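# Results of the structural survey
Residue strings, one per chain:
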Amino acid sequence: MTNLLYKLVYILTSTIGIITLFLSKIDIEKISITGFIIQLLFAGVISFFVGELLCLSRVCRIIAGISATIWMIICLVYGYPIEKLFVVVTFFLILLTVTEEIQIRWKKQGQVDRKGHVVYIAPFIIIIAVIVLLAPAPDEPYDWTFAKKIYSVVADAVEGIIDNISELFSGESDGNPAETTIGFSERGDILDSLSGDDKTAITVSGLSPVVDQIRLSGQTFNNFDGKSWSNNDKSNARATLIDTISMCASINDFTEKSNDYVRKSYIKINYENINTNHVFAPSKSIPDNNFLRTKEYTEEGGNIILSEKKSTNSFYALSYFILNKDNPILDEYMKNSKRTTEKSYDDTEKRLNTIKQTGCTYNDYLSYIDYVKNNYTSAPTLSPKVRAYSDEIFKGENNDYKKMKKLETALRKLTYDLSPGPLPEKIGDASDFLDYFLFESKKGFCTHFATAFVLLARAEGLPARYVQGYMVNSDGKTSVSVKNSNAHAWPEVYFEGMGWIAFEPTATINSGHSYWKTETESIANTNSAETRTYNTSDILTKKAANINFFSHFKIEWYMIAIPVIAGLIFIILALIIIHLVSASRFRKMSYEKKFSTLCRQNLRILKLCGLEIKTGETLREYSLRLQENGIEDISFPEDYERYLYRGDVATGAVNRANTDKNNLKTILKKKNRLRALFLIQL
């Protein structure tokens, strides 16, 4: 019984651990139910082999425990989410292994069977594991704040020393105080100049190969005084989610093939050398407490704000929609986009708002439209010269979206310059800024171009805002390091239906975004060469498994039950095969070999009955003890003693031993049916 329980402990432990790890690595949405069952059965069989291996070898148990521990450390360091059940099972295995190693090295008297000790202690370890498994885990992992603070202080001190030494030997001063290193800032000042900085600010992973560029918004502004932007929007509306829902609903109203226009994807962001409570999010995101790894977050003027600042090694994830911006069909939709219907909005809200956030109803959407029009349309009074410039750009065009595309093209004709110089003292308001930038300076960096675009868009009556964040150029890569020099500013214009849409007026900045073939194009041009060599639609959604399943994966009871049952069936079939093979081999044995084999089998059955021969006990003494325990009608011990001491087998000994075997099997079945299962191979 002890051996059986010992084996079950390790088989079940390996099964649960392997199945948990296996399930967290597959994308169930992309596999048929048949394929899923087959893979699950295969994993179950493998796990039973591993369990058997763990039972047979101490070295394997130690290696398995160490390997699982190393894997968990890797997940901790690199921020890979991992199933709680896997962690509990791993610690259970480690505790069992440590317990057994202690038993081996512990000099004891009396019961010294290490397997027995493991079996007796296992229930207590199981209770501990169950308590840990059922105990609620914090929404956020321990963030090692004290270690991060120590690291930050040391890093800042070292950097300061290096800067001082560099200045001492170079003899250079701090330079123009108006010159600022490129990087994300929560302020909206238009500076004299910018200097480059290649220090990594964040790393972005999970990018789709169909995306060559993505903007991560960190801070938006709605008010400009001529020299700097500020944000007077203190609204706590669920602006980001409302914007995403309304866009998807509007596209569903426009077409039945929404996947040709937008695709859902996932992105993971690690903070490297930045300390902020602002979330850098792609346009059309779906904020989620689980993905953001926080108990709560707020939105302030369309900005996603965490309850506390995040710094080095912090990370979060977001699901968002990629726009097929470089495909002409999206432009066609943009020209005709309109406010979505209530039914379409409600249907889309139920599908996207999976955690049931409040403040996202259709009435909230209508209120948000009114709010945007009231707070993002404040326009300067254009001078005659700027008005003429604007009229020339928009001449003959009535469509708002096409107007913005023309404005984007016109501003890109100006000169990009990281050192355009300070704004003149004479600039007192937004109108003065436009006169200076468009007709005197005619040069600047992203803040100048984005500011001019927002002001001219508002002058046309369109809601527009100024955005700061990071421009991520992926070039088809799935993981990218984003440097401070990738910090960027751009304008966004609000269109009813489509919501906030980004434009790129900055000269020399690549305005490419994303592209994939429509369903019709894929069918019609299967073998044709394309200017872009991106994969088609399915390539985008392959990124979901790394984040979505790690964050929300739920293991159902049947996912463990199926491989356990499959493993048991596999073992029974294996035992039957072993029995058939053994029977065939037995028939080919010599008479003497048959008798020896039957005697060993009978001794094993007696051991399962709890009547194992003791160390130093003779077969005659053993036979007398068996009689005292009610087992009288067996003769193989006497024949076996004769064989061992005299070297010959008595006539009829094989038949008698075989009869004893059948009688002993009957006795064992009466005493313990569970142990009798092991007789299938005898």
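See the structure printed just above.
The structure reproduced in this document is the subject of the present report. Note that the structure is a prediction, hence the values are computed from the model and not measured.

### Details of the pattern of salt bridges
Opposite charge on two side chains permits pairing when their charged atoms draw close. Following the criterion strictly, the structure yields 22 salt bridges and no others. Here R215 ties to E504 by a salt bridge, and the two come within 2.5 Å at their closest N and O atoms. Note that R215 is positioned in strand 5 (residues 213-221) and E504 in the loop between strand 19 (499-502) and helix 16 (519-524), a separation of 289 residues in sequence. Given a relative accessible area of 8%, R215 falls into the buried group. Classification of E504 by relative accessible area gives buried; the value is 0%.

### What about unusual backbone geometry?
One non-glycine residue, K442, lies in the positive phi region at around 60°. Locating K442 in the fold gives a position in the loop between helix 14 (430-441) and strand 15 (443-444).

### Re the nonpolar core
Note that soluble globular proteins tend to have their nonpolar side chains buried in a common cluster. In this structure, M404, F433, L434, V493, F495 and M498 are the most contacted members of the largest nonpolar core, which totals 67 residues. Examining the composition of this core, we find that nine residues originate from one element, helix 15 (residues 446-459), more than from any other. Not counting chain neighbours up to four residues away, the residues in contact with M404 comprise F394, F453, A457, L462, V493, F495 and F503.

### Re the sheet that holds strand 16 (residues 464-473)
What holds strands together in a sheet is hydrogen bonding between their backbones, with the strands either parallel or antiparallel. What the four strands build is an open sheet, ordered 5-16-18-19; its pairing is antiparallel. Edge strands, defined here as strands with exactly one partner in the open sheet, are strand 5 and strand 19. Geometrically, the sheet is characterised by an average inter-axis angle of 40° between neighbouring strands, direction not taken into account. One ladder, built from four bridges, connects strand 18 (residues 487-495) with strand 19; its direction is antiparallel. Counterpart to F495 in the pairing with strand 19 is G499. Against the sheet, helix 15 contacts strand 16 and strand 18, and its axis sits at roughly 10° relative to strand 18.

### Some remarks on the sheet that holds strand 9 (residues 276-278)
A sheet is described by the order of its strands in space; here three strands give the open sequence 9-12-11, paired in antiparallel fashion. For this open sheet the edge positions go to strand 9 and strand 11 (297-300), each flanked by a neighbour on one side alone. Adjacent strand axes in the sheet meet at a mean angle of 35° when their direction is disregarded. Pairing analysis gives four bridges linking strand 11 to strand 12 (residues 303-310), with the strands arranged antiparallel. Note on strand 12: the bridge partner recorded for E299 is I304.

### Some words on the pairing of strand 16
Counting buried positions along strand 16 gives nine out of 10 residues, so the element sits mostly inside the fold. Looking at chain direction, strand 5 and strand 16 are connected through eight bridges and run antiparallel. Within the sheet, the bridge partner assigned to R215 lies in strand 16 and is M471. Sheet analysis places strand 16 next to strand 18, joined by seven bridges and oriented antiparallel. Its bridge partner lying in strand 18, G469 is registered against H488.

### Description of the packing of aromatic side chains
Scanning the entire structure with this criterion turns up 27 aromatic pairs. A centroid spacing of 5.0 Å and a plane angle of 5° characterise the contact between W229 and Y466, whose relative ring orientation is stacked. A residue pair is termed long-range when its members are at least 10 positions apart, and W229 in strand 7 (residues 228-230) and Y466 in strand 16 qualify at 237 residues. The exposure classification of W229 matches that of Y466, with both residues buried.

### Quick notes on the environment of A464
Tracing the backbone through its elements, the reader meets A464 in strand 16. Expressed as a C-alpha distance, the spacing of A464 and N222, which sit 242 residues apart in the sequence, is 7.8 Å.

### A word on helix 9 (residues 328-336)
What helix 9 keeps buried is the set L330, Y333 and M334. The buried side chains of helix 9 occupy one side of the element, clustering within an arc of 100° when seen end-on. Against the buried residues of helix 9 lie helix 7 (239-254), strand 13 (315-323), helix 13 (400-411), strand 18 and strand 19.

### Brief notes about the packing of helix 14 against helix 15
Close contact between helix 14 and helix 15 brings their axes to 10 Å; oriented N to C, the two are set at 125°. Considering the angle they form, helix 14 stands oblique to helix 15. Crossing geometry of helix 14 relative to helix 15 is assigned as left-handed. Judged by residue contacts, A430, F433, L434, F437 and L438 of helix 14 engage H448, F449, T451, A452, L455 and L456 from helix 15. Taken together, the residues that form the contact of helix 14 with helix 15 break down as nine nonpolar, two polar and no charged.

### Re the pairing of strand 18
The buried fraction of strand 18 amounts to nine of the nine residues, a majority that puts the element mostly inside the structure. Of the two faces of strand 18, the one lined by A487, A489, P491, V493 and F495 and the one lined by H488, W490, E492 and Y494 are each fully buried. Here strand 18 hands over to strand 19 after three residues, with G497 in that stretch at a positive phi of 100°.

### Some words on helix 20 (residues 619-628)
Among the residues of helix 20, L619, Y622, S623, R625 and L626 are the ones counted as buried. All buried residues of helix 20 lie within an arc of 165° about the axis, which places them on one face of the element. Opposite its buried face, helix 20 presents the exposed residues R620 and E628, each directed more than 90 degrees away. Its buried side turned inward, helix 20 meets helix 19 (591-608) and helix 21 (636-646). Looking one or two residues past helix 20, G630 carries a phi angle of roughly 90°, positive in sign.

### Details of the packing of helix 7 against helix 11 (residues 362-375)
Remark: helix 7 packs on helix 11, axes separated minimally by 10 Å, with the N-to-C direction vectors making an angle of 105°. As summarised for this structure, helix 7 and helix 11 are arranged roughly perpendicular, according to the angle between their axes. Of the residues in helix 11, those touching helix 7 at A239, I242 and S246 are D364, Y365 and Y368. Of the residues assigned to the contact of helix 7 with helix 11, the class counts are four nonpolar, one polar and one charged.

### Points about the side chain of K325
With respect to the helices and strands, K325 occurs in the loop between strand 13 and helix 9. For the buried residue K325, which engages in no salt bridge, the nearest side chain bearing the opposite charge is E408, 6.7 Å off. In this structure the side chain of K325 is engaged in a polar contact, spanning 3.1 Å, whose partner is the backbone oxygen of A502.

### Focus on the side chain of N602
If you trace the backbone, N602 turns up in helix 19. When its relative accessible area of 0% is taken as the criterion, N602 is described as buried. Polar side-chain contacts of N602 include one of 3.2 Å to the backbone oxygen of A657. Discounting residues that sit within four places of it in the chain, N602 has contacts with F636, A657, D660, K661 and L664.

About the criteria used
- Residues numbered from 1 in each chain as written.
- Predicted model: local features only at pLDDT ≥ 70, side-chain atom pairs only at ≥ 80, totals over all residues.
- Heavy atoms only, no water.
- Salt bridge = Lys/Arg side-chain N within 4 Å of Asp/Glu carboxyl O.
- Helix = DSSP H or I, 4+ residues; strand = E, 2+ residues; numbered from the N terminus.
- Buried < 20%, exposed > 50% of the residue type's maximum accessible area, 1.4 Å probe, protein only.
- Core = buried A, V, L, I, M, F, W, Y, C linked by side-chain atoms within 4.5 Å.
- Contact = heavy atoms within 4.5 Å.
- Pairing = 2+ DSSP bridges.
- Axes fitted to C-alpha atoms, helices over the stretch in contact; angles between N-to-C directions.
- Phe/Tyr/Trp six-rings, centres within 6.5 Å; stacked < 30°, edge-to-face > 60°.
- Arc of directions from axis to C-beta.
- Parallel < 35°, antiparallel > 145°, perpendicular 65-115°, else oblique.
- Left-handed = near helix turned anticlockwise from the far one by under 90°.
- Nonpolar A, V, L, I, M, F, W, Y, C, P; charged D, E, K, R; others polar.
- Lys, Arg positive; Asp, Glu negative; His and termini not counted.
- Polar contact = N/O pair within 3.5 Å; in protein donor to acceptor, adjacent residues only side chain to side chain.

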